[in-house]
Amino acid sequence: MTDRTIRLELTGMSCANCSGTIEDRVGELEGVSSVDANYATDEGSVTYDPDQVSLSDIVDAVHDAGYGVDTETATIGITDMTCSNCAQTNTEALVGVAGVVSADVNYATDEAQVTYLPSVTSLSELYDAVEAAGYSPVREGGGDSDDGQSSEDRRDAARNAEVRKQRRLTLFGAALSLPLLVFMTDHLLSLGLFEATLFGVPLGWVQFALATPVQIALGKPFYENAYKALVKNRRANMDVLIALGSTTAYGYSVIALLGLIASTGLYFDTAAFILVFITLGNFLEARSKSQAGAAIRELLEMEADTATVVREDGTEAEIPSTRSPSATG
């Protein structure tokens with residue numbers, strides 16, 4: 001990888017010696033080829049090899065020297081993540097953006113905490129990096145957005161939308177899979193409830209008619225995510241496993257139904273059940289995340305706006321808490 005030059009907005013410098021101190025400390029890092037700290041403009045530039053040293057190491061070196069770097073931290077909601085591999089993919093995508101100091105993507109909360117240099121990159125570029133990795137960021141502005149929704153409101157709305165989507169898919173898949181469950185139970189227990197045909201249609205084709213919509217509707221998200229994981233990100237994740245298992249059972253059954261191979265059984269029910277059960281799990285997971293987010297918000301809203309301080313002389317004073325609006329005025 002070629003060297004990268006980054007511009008830093010420095011704080012805390014009071015003289016030319018401060019510039020020299022920063023240059024010496026950062027210049028000691030392996031992989032840093034040049035450092036220039038300008039006391040007059042409170043700016044600095046560093047040329048470094050990203051394969052040998054990270055931007056986080058450079059910022060830490062400035063802090064160790066006793067000075068600061070102007071950074072911002074943003075919380076980005078990310079949808080479409082299905083496993084920890086997805087979180088790792090997003091982390092790598094964000095860290096790869098020039099100007100990102102650190103990134104931590106939490107699959108459990110569907111959020112990323114990103115510290116970056118506002119002089120180098122922007123939230124829009126971070127959103128673009130997440131989209132390029134194959135996932136959907138919850139785009140939002142700082143504070144309240146134009147539609148009156150705050151950042152937390154937008155993330156909550158995205159979670160609730162995901163809950164509704166997974167609920168619809170689960171109910172749709174369950175409705176079509178229930179007859180398949182009845183057919184499977186009849187076959188395994190030899191109940192004799194059904195003959196070789198149903199209303200004159202062979203049972204194999206009835207199962208095909210029931211399983212195909214499930215394969216299309218419920219399988220579509222897994223196929224899309226598996227494609228993104230394998231083709232775009234060159235890694236396998238849970239979606240790849242689910243798509244492989246379900247497609248194998250469905251594809252084999254179609255070939256057997258057409259008489260292209262000799263087979264004693266069809267597995268349309270297995271293909272459908274895989275998708276229904278995983279989608280049900282996704283629904284329960286999305287609902288628990290939504291409920292957990294709402295509970296955390298309620299706890300934060302219960303925080304007191306003021307605190308009573310007892311001084312050494314026994315007198316009491318009421319002061320605003322750190323999160324109170326009046327405390328930041």
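Here, every reference points to the structure presented above.
Residues numbered from 1 in each chain as written. Predicted model: local features only at pLDDT ≥ 70, side-chain atom pairs only at ≥ 80, totals over all residues. Heavy atoms only, no water.

A. Up close: the environment of Ser-34. Mapped onto the elements, Ser-34 comes out in strand E2 (residues 32–38). We classify Ser-34 as partly exposed; its relative accessible area is 35%. Separated by 11 residues in sequence, Ser-34 and Glu-23 place their C-alpha atoms 8.5 Å apart. Apart from the residues lying within four places of it in its own chain, the contact partners of Ser-34 are Ser-45, Val-46 and Thr-47. (Helix = DSSP H or I, 4+ residues; strand = E, 2+ residues; numbered from the N terminus. Buried < 20%, exposed > 50% of the residue type's maximum accessible area, 1.4 Å probe, protein only. Contact = heavy atoms within 4.5 Å.)

B. Layout of the side chain of Asp-239. Note that Asp-239 resides in helix H8 (residues 238–257). Notably, Asp-239 is buried but unbridged: the nearest opposite-charge side chain belongs to Lys-228, and the N-O separation is 8.8 Å. (Lys, Arg positive; Asp, Glu negative; His and termini not counted. Salt bridge = Lys/Arg side-chain N within 4 Å of Asp/Glu carboxyl O.)

C. Fine view of the sheet that holds strand E1 (residues 4–11). Spatially, 4 strands are ordered E2-E3-E1-E4 in an open sheet, and the strand pairing comes out antiparallel. Sheet topology places E2 and strand E4 (68–69) at the edges, where each strand pairs with a single neighbour. Where E2 and strand E3 (residues 43–48) come together, 6 bridges link them in antiparallel fashion. Counted as the bridge partner of Ser-34 is Thr-47 from E3. Taken strand by strand, helix H1 (residues 16–27) contacts E1, E2 and E3, and its axis lies near 165° from that of E2. (Pairing = 2+ DSSP bridges. Axes fitted to C-alpha atoms, helices over the stretch in contact; angles between N-to-C directions.)

D. Focus on the packing of helix H6 (residues 203–217) against H8. Running from N to C, H6 and H8 cross one another at 150°; their axes reach a closest spacing of 11 Å. One element, H6, and the other, H8, form an angle in the roughly antiparallel class. Between H6 and H8 lies a crossing of left-handed hand. Here Gly-204, Trp-205, Phe-208, Ala-211, Thr-212 and Gln-215 of H6 lie close against H8, whose contacting residues are Ser-246, Thr-247, Tyr-250, Val-254 and Leu-257. (Parallel < 35°, antiparallel > 145°, perpendicular 65-115°, else oblique. Left-handed = near helix turned anticlockwise from the far one by under 90°.)

E. Structural context of the side chain of Asn-237. By secondary structure assignment, the location of Asn-237 is in the loop between helix H7 (219–232) and H8. A residue is classified by how much of its surface remains accessible, and Asn-237, at 8% relative accessible area, is buried. Within the structure, the side chain of Asn-237 is placed 3.1 Å from the backbone nitrogen of Asp-239, a separation counted as a polar contact. Residues in contact with Asn-237, not counting those within four places in the same chain, are Cys-83, Asn-85, Cys-86, Tyr-135, Asn-225 and Ala-229. (Polar contact = N/O pair within 3.5 Å; in protein donor to acceptor, adjacent residues only side chain to side chain.)

F. A nonpolar patch on the surface, seen in detail. Taken together, the side chains of Val-201, Trp-205, Tyr-252, Ile-255, Leu-258, Leu-260, Ile-261 and Tyr-267 make up a nonpolar region of the molecular surface, amounting to roughly 720 Å² of accessible area. The topology assignment puts Tyr-267 in the loop between H8 and helix H9 (268–301). (Patch = residues over 30% accessible without salt bridge, like charges linked within 9 Å, V, L, I, M, F, W, Y side chains within 5 Å. Areas by Shrake-Rupley, 256 points an atom, 1.4 Å probe, with all protein chains shown as cover.)

G. Region of interest: empty space enclosed by the protein. Scanning the model with the defined rule gives 1 cavity of 30 Å³ or more in all. Counted as a void, the largest cavity has a volume near 40 Å³. Every residue lining the largest cavity is listed: Leu-8, Leu-10, Ile-22, Val-26, Val-35, Asp-36, Ala-37, Gly-44, Ser-45, Val-46 and Val-62. Contributions of two or more residues to the lining of the largest cavity are made by E1, H1, E2 and E3. Grouping the amino acids of the lining of the largest cavity by side-chain chemistry returns 8 nonpolar, 2 polar and 1 charged. (1 Å grid on protein atoms, 1.4 Å probe; cavity = no way out; pocket = protein on both sides within 12 Å on 5 of 7 lines; lining within 4 Å. Points joined across faces, edges and corners; volume = space filled by probe spheres on them. Nonpolar A, V, L, I, M, F, W, Y, C, P; charged D, E, K, R; others polar.)

H. Representation of the layout of surface pockets in the model. Counted as a void, the largest pocket has a volume near 470 Å³. If you trace the largest pocket, you find 30 residues lining it, with Thr-79, Asp-80, Met-81, Glu-162 and Gln-166 closest to the centre. Secondary-structure elements contributing two or more residues to the lining of the largest pocket are strand E5 (72–79), helix H5 (151–189), H7 and H9. Among the elements that take part in the lining of the largest pocket, H5 stands out by supplying 7 residues, more than any other. Classifying every residue of the lining of the largest pocket by side-chain character gives 10 nonpolar, 9 polar and 11 charged.

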